[in-house]
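Architecture and fold: a report
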Amino acid sequence: APSVTVSTDLAKEDVEQINVFPNPYYGVNPQEINKYQRFVTFTHLPQKATIRIFNLAGQLVRTIRKDSPEQFQRWDLNNESDLPVASGIYIVHVDMPDLGKTKILKVAIIQEQQVLDRF
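Quick look at the structure, then. Note that the structure is a prediction, hence the values are computed from the model and not measured. (Residues numbered from 1 in each chain as written. Predicted model: local features only at pLDDT ≥ 70, side-chain atom pairs only at ≥ 80, totals over all residues. Heavy atoms only, no water.)

**Comments concerning the packing of aromatic side chains**
Put simply, the rule is: For Phe, Tyr and Trp, rings pair up if their centres lie within 6.5 Å, where Trp contributes its six-membered ring, and each pair is then called stacked (planes under 30 degrees apart), edge-to-face (over 60) or tilted (otherwise). Numbering of helices and strands runs from the N terminus; a helix is a DSSP stretch of H or I covering at least four residues, while a strand is a stretch of E covering at least two. Whether a residue is buried, partly exposed or exposed follows from its accessible area with a 1.4 Å probe, protein chains only, as a fraction of its type maximum: under 20%, in between, or over 50%, in that order. Should the NZ of a Lys or the CZ of an Arg lie within 6 Å of a ring centre and within 35 degrees of the ring normal, that charge is described as sitting over the ring.
Scanning all chains against the criterion turns up 1 aromatic pair. Relative to Y90, the ring of W75 has its centre 5.9 Å away and its plane inclined at 75°; by these criteria the two rings are edge-to-face. Taken together, the residues W75 in strand β6 (residues 73-75) and Y90 in strand β7 (residues 88-96) connect sequence positions 15 residues apart. Side by side, W75 and Y90 carry an identical accessibility label, which is buried. Positioned above the aromatic ring of F39 is the side chain of R74, whose terminal nitrogen or guanidinium carbon lies 3.8 Å from the ring centre.

**Thoughts on unusual backbone geometry**
When glycine is set aside, most residues are seen to have a negative phi, and most peptide bonds are trans. Residues F21 and P22 are joined by a peptide bond in cis, for which omega reads -10°. Residues other than glycine seldom take positive phi values, yet L77 does so here, at roughly 60°. By secondary structure assignment, the location of L77 is in the loop between β6 and β7. Its identity as a non-glycine residue notwithstanding, D82 has a phi of 65°, on the positive side. On the secondary structure map, D82 appears in the loop between β6 and β7. The partly exposed category is assigned to D82, whose relative accessible area is 46%.

**Examining the nonpolar core**
Heads up, the condition is: For the purposes of this section, nonpolar cores are sets of buried Ala, Val, Leu, Ile, Met, Phe, Trp, Tyr and Cys residues that join through side-chain atoms within 4.5 Å. In what follows, residue pairs with any heavy atoms lying within 4.5 Å of each other are defined as contacts.
In this structure, F42, W75 and I109 are the most contacted members of the largest nonpolar core, which totals 23 residues. Elements with a contribution of two residues or more to this core: β3 (40-43), β4 (48-55), β5 (60-67), β7 and β8 (101-110). Counting residues per element, this core draws most heavily on β7, which supplies 4 residues. In this structure W75 touches R38, F39, V40, F42, I53, R62, I64, V85, Y90, V107 and I109, once residues within four positions along its chain are discounted.

If you want it as structure tokens, here you go:
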């Protein structure tokens, strides 16, 4: 198996490529298995990152801490109380303390009509 090498310089360059897909999220992601496992995926992330998701009112909706070698991190479209977020625009702040960098993203979520059958 090939060895994994970590380059801080390459990681700093990769910060510009950080993105989220699908964006906009129109009620479904082709990779989803069922309606209980909805998600969007953040890409090109470094090993350690903190992802904070805010609504347009500036309220913190969710914090996701990433500490894994994979470049991907999923957001299950739930808030901190594990309830589905509302349709709308969300601001994502990605903090990468090991690189001394931050990245701001915008993601549009359009949820299909939901009927909560568990709460």
